[in-house]
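# Coordinate inspection notes
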Amino acid sequence: MKILFFGTPRFAEIVLQGLIDSEFEVVGIVCQNDKPSGRGNKLVSPHIVSLAKANGLPVYQFEKLSQHIEDFKNIDYDLAVTASYGKILPKAFLDIKPCINVHPSLLPKYRGATPIQSALLNGDRLTGVTIMKTEVGMDDGDVFVQQNLEILPEDDYLSLLEKLANMGLKLLLETLKKIEIGTVVRTPQNHEEATFVKLIKKEDGLLDFSESTERLVNKVRAYVESPVAHFYLGGDLIKVYKAQKGQIDVTAEVGQIIKEKKRLFVKAQDGFLEILRCQASGGKVLNVIDFLNGYHFKAMVVDR
RNA sequence: CGCGAGGUAGAGCAGCUCGGAAGCUCGCCGGGCUCAUAACCCGGAGGUCACAGGUUCAAAUCCUGUCCUCGCAA
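Residues numbered from 1 in each chain as written. Chains lettered and ligands numbered in written order. Predicted model: local features only at pLDDT ≥ 70, side-chain atom pairs only at ≥ 80, totals over all residues. Heavy atoms only, no water.

## As for the protein's contact with RNA strand B
Close to RNA strand B lie 21 residues, the nearest being Arg-39, Asn-41, Lys-261, Asp-290 and Asn-293. A breakdown of the atoms of RNA strand B within 4 Å of the protein gives sugar and phosphate a share of 61%. Residue Lys-202 places a side-chain N or O atom 2.9 Å away from a phosphate oxygen belonging to RNA strand B. In the environment of RNA strand B, a sugar or linking oxygen lies 3.0 Å from a nitrogen or oxygen atom belonging to the backbone of Gly-282. When residues of the surface near RNA strand B are traced back to their parent elements, those giving at least two are β3 (35-37), β13 (236-246) and α8 (288-294). The element that contributes the greatest number of residues to the surface near RNA strand B is α8, accounting for three residues. (Near = heavy atom within 4 Å. Polar contact = N/O pair within 3.5 Å; in protein donor to acceptor, adjacent residues only side chain to side chain. Helix = DSSP H or I, 4+ residues; strand = E, 2+ residues; numbered from the N terminus.)

Structure follows, in structure tokens:
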């Protein structure tokens with residue numbers, strides 16, 4: 001079975017690598033366009049492009065898929081597989097050949113672009129992966145298979161993504177085999193129970209210390225890759241990569257920084273957020289001990 | 001040439017404006033104190049100050065170029 005793969009970020013890379021290593025033949029990949037990025041605004045390709053090229057796969061980057069229907073008709077493939085591609089597929093494309101999708105949530109929950117972050121943000125204890133038929137509607141196609149995954153307290157976006165991508169790959173390969181021998185079963189989603197998740201905006205990462213510590217910790221976990229939970233301290237941007245609920249016996253106002261020799265806290269609504277790993281503008285990401293060793297606090301802090 | 005910050009002991013930083021024998025916090029090694037400790041006390045090792053040129057009696061510090069890292073914007 002010849003597969004045309006659609007996907008762009010890390011999640012897609014893991015799935016693509018697995019497909020390449022499998023018995024199925026990947027005939028090409030479609031991903032988002034190169035974008036000006038970083039200092040100097042140099043044009044940067046998605047990381048998955050190098051994986052594809054290293055395996056000799058043709059890479060297709062189309063601005064508008066609907067303008068390239070003829071191009072797709074000329075590609076020799078049997079089935080399209082999508083995994084975090086990042087664009088809606090037009091009906092004209094879906095009509096060419098069948099298409100299935102790997103979605104990292106228990107559909108119909110969390111349809112949309114940010115299912116992994118949403119599960120963490122909401123403090124869910126259970127998530128999973130769904131393999132489903134790709135339709136014109138957003139993540140609303142019939143389900144082939146679904147599997148649960150427990151979210152551990154120490155999971156963050158990166159660890160959960162890794163687990164879900166690997167689970168998605170495994171389920172995808174199983175589904176492909178069933179499709180090949182014609183034993184696949186389709187179950188419609190219960191559309192009444194559908195929930196949708198939106199794209200994350202940069203300002204969503206700003207930590208509001210009048211929120212609960214649990215909520216703040218969840219934000220840190222969900223946004224660790226992007227936009228990264230952050231706050232401002234005496235004019236400096238501080239990004240928080242790892243944090244937990246902290247215990248310390250002091251009285252402080254919401255948003256107040258409490259500094260110990262080796263620990264750093266911020267007073268939140270119902271307790272203290274203990275910062276374990278963070279980064280100031282211009283600096284590297286540091287464990288809190290290294291951060292405290294050199295950082296010059298320009299704001300009022302409680303020093304213990 | 002999008003804007004900006006920075007490269008100084010294993011780690012994080014100060015020193016650079018106003019050149020003149022390299023410092024702080026932590027870690028590490030050794031010793032002490034303690035029921036005990038991420039605590040405290042004493043001692044110690046560890047740095048061609050990113051690289052290359054230049055100015056100078058003298059450069060981490062001034063000038064020029066190169067490499068690398070990071071924040072913002074997109």
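## With respect to the environment of Pro-58
Mapped onto the elements of the fold, Pro-58 is located in the loop between α2 (47-54) and β5 (59-60). Look at Pro-58 and you get partly exposed, because its relative accessible area is 34%. Considered as a pair, Pro-58 and Asp-208 are 150 residues apart in the sequence and their alpha carbons are 46 Å apart. If we ignore the near neighbours within four places in the chain, the residues touching Pro-58 are Val-27, Gly-28 and Ile-29. (Buried < 20%, exposed > 50% of the residue type's maximum accessible area, 1.4 Å probe, protein only. Contact = heavy atoms within 4.5 Å.)

## Some remarks on the sheet that holds strand β9 (residues 126-133)
One open sheet holds the seven strands; their spatial order is β5-β2-β1-β6-β7-β9-β10, and the pairing between them is mixed. Either end of the sheet is taken by a strand with one partner, and the two such strands are β5 and β10 (143-150). The sheet contact formed by β9 and β10 spans seven bridges and is antiparallel. In the strand pairing of β10, Met-132 is matched with Val-143. In the packing of helix α6 (residues 157-181) onto the sheet, the strands contacted are β1 (2-6), β6 (79-83), β7 (99-103), β9 and β10, and the crossing angle to β10 comes to about 150°. (Pairing = 2+ DSSP bridges. Axes fitted to C-alpha atoms, helices over the stretch in contact; angles between N-to-C directions.)

## Let's talk about the layout of surface pockets
When its volume is computed, the largest pocket comes out at roughly 1500 Å³. Looking at the largest pocket, it is lined by 49 residues, and the ones nearest its centre are Pro-9, Ser-84, Tyr-85, Gly-86 and Ala-113. At the level of elements, α1 (10-21), β3, β7, α5 (115-121), β9 and α6 are the ones that each hand at least two residues to the lining of the largest pocket. Split by domain, the residues of the lining of the largest pocket number at least three in each of domain 1 (2-193) and domain 2 (202-294). Size it by volume and the second largest pocket reaches roughly 540 Å³. Lining the second largest pocket are 23 residues, with Leu-152, Pro-153, Glu-154, Val-217 and Arg-221 positioned closest to its centre. (1 Å grid on protein atoms, 1.4 Å probe; cavity = no way out; pocket = protein on both sides within 12 Å on 5 of 7 lines; lining within 4 Å. Points joined across faces, edges and corners; volume = space filled by probe spheres on them. Domains from an automatic or database assignment.)

## Overview of the packing of aromatic side chains
Summed over the entire model, instances satisfying the criterion amount to eleven aromatic pairs. Ring geometry for Phe-62 versus Phe-72: centroids 5.5 Å apart, planes at 90°, classification edge-to-face. With Phe-62 in the loop between β5 and α3 (69-73) and Phe-72 in helix α3, the pair connects residues that are ten residues apart, well separated along the chain. Taken together through their ring pairs, the aromatic side chains of Phe-6, Tyr-60, Phe-62, Phe-72, Tyr-85 and Phe-93 make up a single cluster. Looking at Lys-97, its charged tip hangs above the ring of Tyr-77, at a distance of 4.9 Å from the centre. The ring of Phe-272 carries the charged tip of Lys-267 above its face, separated from the ring centre by 5.6 Å. (Phe/Tyr/Trp six-rings, centres within 6.5 Å; stacked < 30°, edge-to-face > 60°. Lys NZ or Arg CZ within 6 Å of the ring centre and 35° of its normal.)

## Points about the pattern of salt bridges
Once the charged atoms of two side chains with opposite charge are near each other, the side chains can pair. Evaluated as defined, the whole model comprises 13 salt bridges. Across the pair Lys-91 and Asp-95 runs a salt bridge, and its minimum N-O distance is 3.1 Å. Between Asp-155 and Lys-163 there is a salt bridge whose closest N-O contact spans 2.9 Å. The partly exposed category is assigned to Lys-163, whose relative accessible area is 31%. When salt bridges that share partners are traced, they join Glu-211, Arg-215 and Lys-219 into one network. (Salt bridge = Lys/Arg side-chain N within 4 Å of Asp/Glu carboxyl O.)

## A look at the domain arrangement of chain A
Domain annotation of chain A identifies domain 1 (2-193) and domain 2 (202-294). Distance from the C-alpha centre of domain 1 to the C-alpha centre of domain 2: 33 Å. Where domain 1 abuts domain 2, roughly 910 Å² becomes buried across the two surfaces, and 57% of that area is made up of carbon and sulfur atoms. One can count zero salt bridges joining domain 1 with domain 2. If you look at where domain 1 meets domain 2, you find four residue pairs in polar contact (both at pLDDT 80 or more). Those elements that provide at least two residues to the side of domain 1 that touches domain 2 are α5 and α6. Sorting elements by how many residues they give to the side of domain 1 that touches domain 2 places α5 first, with three residues. Of the residues that constitute the side of domain 1 that touches domain 2, the class distribution is seven nonpolar, three polar and two charged. (Buried area = accessible area lost by both parts, 1.4 Å probe. Nonpolar A, V, L, I, M, F, W, Y, C, P; charged D, E, K, R; others polar.)

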